[in-house]
Amino acid sequence: MNSKTAAAFAFLGIIWGTNFIFMRQASEWISPVQIVFLRVLCGFVPIAVMAWMQKAVRREHLKYTGHFLVMALLATVIYYWAFASGTSLLLSGVSGVLSGAIPLFSFIVAAIFLRQEKITVMRLCGLMLGFAGVILIAKPWQVSGESISLAGVGYMILGSLSVGISFVYAKKFLADKQIAPLALTTYQIGLALVILACITPFTGITAIAQDSTASLGLIIGLGLLGTGVAYLTYYYLILNLGAVVASSVTYIPPVVALIVGFLAANEQLGVTEILSMVLIMSGVFLLQRPSRRPEAEKEAEAVQ
């Protein structure tokens, strides 16, 4: 990994990790769906400009509009809305830790519907470790005022499941269509913006302007950087490192979210939060380790 790629890798992890504090700040002024609308609106601008410059959008892609619509719902509208809703009810650091469970849900959905992920003892242990981390930080056994919002945890799980399903859907219906990643992103975010424009109540949305920190965090942190530039950076990493190595960037955001929440919002950073993060990340690590299979089978998968 050269210095430029390493810098992009670190940049993406940090940007995704800071998303949660920006969502938490914005939730004090506007609703989750309004947060998502503004985030997608600001994020779509750099993506659209880049797609136009590279002439990535083509007329022949219109026949796949149905698939793009599904991806817009799963990987943007529901995913972002659920995370914004969950973060509005939780500490930003806790939300960040729970977001680390996305690969757990992706693996489960892929194993059920694609049947390409081999279920091994190691991977079962990974799932158990990961969900143990989710349960530990959710603390469903507590009924006192110190317990965290189970509804917030539920929203985070819904968002993780939605984006997990989107990965499988893209693999099954779009991977063989020879459409450039930039074009796919443009269609996905663009259609999501149209959907959000139809369902977002705009009454009170300007309240975010009363807090310059929250508004700048939403427009620049969540929108321009956290959505637009982040997507472009992620695809840059995929092209230079490959999908498997690039996906390991998901280890960074939970750590960043905990640190930022502690430093910027005086959120608790205790043993429970750290242990939950370690359990979830350990589970993800075990899931991402390749299973032992014959070389011929591995080569066949590489061709696919």
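Cut-off values and rules
- Residues numbered from 1 in each chain as written.
- Predicted model: local features only at pLDDT ≥ 70, side-chain atom pairs only at ≥ 80, totals over all residues.
- Heavy atoms only, no water.
- Phe/Tyr/Trp six-rings, centres within 6.5 Å; stacked < 30°, edge-to-face > 60°.
- Helix = DSSP H or I, 4+ residues; strand = E, 2+ residues; numbered from the N terminus.
- Buried < 20%, exposed > 50% of the residue type's maximum accessible area, 1.4 Å probe, protein only.
- Contact = heavy atoms within 4.5 Å.
- pLDDT = per-residue confidence, 0-100.
- Expected span 1.5 Å × (residues − 1).
- Bend = angle between axes of the 7 residues up to and from the residue.
- Salt bridge = Lys/Arg side-chain N within 4 Å of Asp/Glu carboxyl O.
- Patch = residues over 30% accessible without salt bridge, like charges linked within 9 Å, V, L, I, M, F, W, Y side chains within 5 Å.
- Areas by Shrake-Rupley, 256 points an atom, 1.4 Å probe, with all protein chains shown as cover.

S.K.: An account of the packing of aromatic side chains is requested, with residue identities and associated values reported.
M.R.: Here a ring pair, both rings aromatic, is described through the centre-centre distance and the interplanar angle of the planes. Counting across every chain of the model gives 9 aromatic pairs. Here the aromatic rings of Trp 16 and Tyr 234 are separated by 5.7 Å at their centres, their planes lie at 50°, and the arrangement is tilted. Of this pair, Trp 16 sits in helix 1 (residues 3-26) while Tyr 234 sits in helix 9 (residues 212-241), placing them 218 residues apart in sequence. For Trp 16, a relative accessible area of 23% gives the class partly exposed. Relative accessible area serves as the criterion here: at 22%, Tyr 234 is assigned to the partly exposed category.

S.K.: So what about the environment of Ala 84? Which residues, and what values?
M.R.: Along the chain, the position of Ala 84 falls in helix 3 (residues 65-89). According to the relative accessible area criterion, Ala 84 is buried, its value standing at 1%. Here the alpha-carbon distance between Ala 84 and Phe 22, two residues 62 residues apart in the chain, equals 9.7 Å. What Ala 84 contacts, discounting residues up to four positions off in sequence, is Met 23, Pro 32 and Val 36.

S.K.: Give a detailed account of the confidence of the model for the chain, specifying residues and quantitative values.
M.R.: Parts of the prediction with low pLDDT should not have their coordinates interpreted in detail. For the chain, the mean per-residue pLDDT works out to 85, and 90% of the residues sit at or above 70. Considering each helix and strand of the chain separately, the mean pLDDT is smallest for helix 13 (residues 295-303), with a value of 38, and largest for helix 3, with 95. Taken as a whole, residues 294-304 scores under 50 in pLDDT and shows 5 contacts with residues more than four places along the chain or in a different chain.

S.K.: Before we move on, could you go through helix 1 and cite the residues and values that matter?
M.R.: A rise of 1.5 Å per residue sets the reference length of helix 1, with its 24 residues, at 34 Å; its end C-alpha atoms lie 34 Å apart and thus fit the reference within 8%. The largest bend in helix 1 comes to about 25°, at Asn 19.

S.K.: With reference to specific residues and values, describe helix 5 (residues 102-113).
M.R.: An ideal rise of 1.5 Å per residue puts 16 Å on 12 residues; helix 5 measures up with 17 Å between its terminal C-alpha atoms. For helix 5, the tally of buried residues reaches 9 of 12 residues, placing the bulk of the element in the interior. Among the residues of helix 5, Ile 102, Pro 103, Leu 104, Phe 105, Ser 106, Phe 107, Val 109, Ala 110 and Ala 111 are the ones counted as buried.

S.K.: Give me the pattern of salt bridges: which residues, what numbers.
M.R.: Evaluation of the coordinates by the stated rule reveals 2 salt bridges. Among the salt bridges present, the one from Lys 177 reaches Asp 176, with a minimum N-O distance of 3.0 Å.

S.K.: Requested: an account of a nonpolar patch on the surface, with residues and values cited.
M.R.: There is a patch of nonpolar side chains on the surface, built from Val 255, Ile 259, Phe 262, Leu 263, Leu 269, Val 271, Ile 274, Leu 275 and Val 278 and spanning about 770 Å² of accessible area. Secondary structure elements with two or more residues in the nonpolar patch: helix 11 (252-265) and helix 12 (271-288). Take Val 278: it is sitting in helix 12.

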